[in-house]
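Take a look at the letters that make up each chain.
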Amino acid sequence: MSRGPVAVVRFSSLGDVLLAAHVPSFLKRAIPDAATLFVTKGRYATVLAGHPDLDGLLLLDDGSSADDAVRADDAWTGPPILARGALPDLAAGLRAAGADTVMDLHGNLRSAALRRAVGGARVVRAPKHGLRRRLMVHAKWIHTRPVPPLLRSYRSLAGLPPDASLRPWLRDAITAEDRARAADARSSLAPGGFAVYGVGARWATKRWPLRHFVALARAVEREAGLAPRFALTPGEPGTEAALDALLGAGFAHEAVTLDLRALAALASDAAVLVSNDSAVLHLGPALGVPAFGLFGSTVPAFGFARQGPRDAVGEIPLPCRPCGVHGRDRCPLGHHACMESLTPEIALDTLRPLLATVAAA
Ligand code: SF4
């Protein structure tokens, strides 16, 4: 591995960026004196602010309003922004920084164009696994090996053993401002005395029914004494109104809508994070909090689960699973049994061993 600046490329999406953001920490462990750069869309800059192992950011302008947060903000306290703009601007920024290794974790046409434009730099490409995932969806009669958890592959790419310990980089990046925005949601909760439930997800087929979440949370509260906080991020589909109706009078404080960094501040003190297969699930390894993923139309074998040493999943076997690589707007069979029939009791049975490790910690 080179001792020059290493640029990690992952443009999107949020969950993938949260996982890819472990790589600078892996690199610093493998090559302590290496400089690490991260290339992503402007909208994700604020997520990476304060990353303890990042030496610079290069931001692809994607026209999102979140770009404005770092565009001319004197209060920006994140890693130095070395370049911002279109691909040629980022390539020029990488050349000016002397990046001699580009780790392409995205593997799409855009990242290939960036690699070519940088020129001369050594290229390390993460395996894409797209074909394996599509075979799992469309050719179920073929036995396809599961994709290993992504962070195992990323450790290997960085030159570490695949089971090397994870640095909870986001925990170290949380600011007093992030905690202040989470203060209302956090009030009256003891550290380690509550569970956060990530009840949203972009795709409908990835959403566990809200009534299941609430029933599971009540059972966890009874068995393990963990108070619940049901979390959505702004704009995340999850129907706040339906959640309020389910919780009923006197329990509205258990539903919280927080931006991702404030949610991270809240979850960093939780005993466990329970979530749909969404970006919120990937807060777990970034915070060092055990994560329990609920899988419906997607499967853990895609490589997006069990990233942390105590992580676990809830799922049921169905011949139609998985029915898509990403998720869908509706169940093609109309019954959504992958989530409807994954009852709170089944989920609790697989969550219990994790809760025991939390209690013992
Ligand atoms: S029940 Fe089957 S077909 Fe329907 S969303 Fe779930 S996995 Fe897909």
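Residues numbered from 1 in each chain as written. Predicted model: local features only at pLDDT ≥ 70, side-chain atom pairs only at ≥ 80, totals over all residues.

### Section: the site of the ligand
Next up, step 1: Lining the immediate environment of the ligand, one finds 13 residues, of which Ser 297, Cys 320, Cys 323, Cys 331 and Cys 338 sit closest.
Next up, step 2: A per-class count over the shell around the ligand returns eight nonpolar, four polar and one charged. (Near = placed C-beta within 6 Å. Nonpolar A, V, L, I, M, F, W, Y, C, P; charged D, E, K, R; others polar.)

### Let's talk about the domain arrangement of the protein
Next up, step 1: The domains assigned to the protein are domain 1 (6-127) and domain 2 (172-360).
Next up, step 2: For domain 1 versus domain 2, the separation of C-alpha centres amounts to 29 Å.
Next up, step 3: Take the side of domain 1 that touches domain 2: its biggest share by element is four residues, from helix H1 (residues 14-20).
Next up, step 4: The residue makeup of the side of domain 1 that touches domain 2, split by class, is seven nonpolar, four polar and no charged. (Domains from an automatic or database assignment. Helix = DSSP H or I, 4+ residues; strand = E, 2+ residues; numbered from the N terminus.)

### Considerations on the sheet that holds strand E6 (residues 122-125)
Next up, step 1: Reading across the sheet, the six strands line up as E4-E3-E2-E1-E5-E6 and stay open at both edges, with parallel pairing between neighbours. Bordering the open sheet on either side are strand E4 (81-85) and E6, each of which pairs with just one other strand. Looking at each pair of strands side by side, their axes are set apart by 15° on average, direction ignored.
Next up, step 2: Pairing analysis gives four bridges linking strand E1 (residues 6-9) to strand E2 (residues 36-41), with the strands arranged parallel. Looking at E2, one finds that Ala 7 is bridged to Leu 37.
Next up, step 3: Across the face of the sheet, helix H6 (residues 109-118) comes into contact with E1, strand E5 (101-104) and E6 while running at roughly 175° to E5. (Pairing = 2+ DSSP bridges. Axes fitted to C-alpha atoms, helices over the stretch in contact; angles between N-to-C directions. Contact = placed C-beta atoms within 7 Å.)

### Side note on unusual backbone geometry
Next up, step 1: Here the residue pair Ser 12 and Ser 13 is connected by a cis peptide bond, since its omega of -10° sits within 30 degrees of zero.
Next up, step 2: Residue placement: Ser 13 occurs in the loop between E1 and H1.
Next up, step 3: Here the bond from Arg 321 into Pro 322 is cis, since omega is -10°, no more than 30 degrees from zero.
Next up, step 4: Among the secondary structure elements, Pro 322 is positioned in the loop between strand E12 (312-314) and helix H16 (337-340).
Next up, step 5: Phi at Arg 306 is positive, roughly 50°, even though this residue is not glycine.
Next up, step 6: Arg 306 gets classed as partly exposed once you count the C-beta atoms within 10 Å, which come to 18.
Next up, step 7: Residue His 336 is not a glycine yet carries a positive backbone phi of 50°.
Next up, step 8: On the secondary structure map, His 336 appears in the loop between E12 and H16. (Buried ≥ 20, exposed ≤ 12 C-beta atoms within 10 Å, placed from the backbone.)

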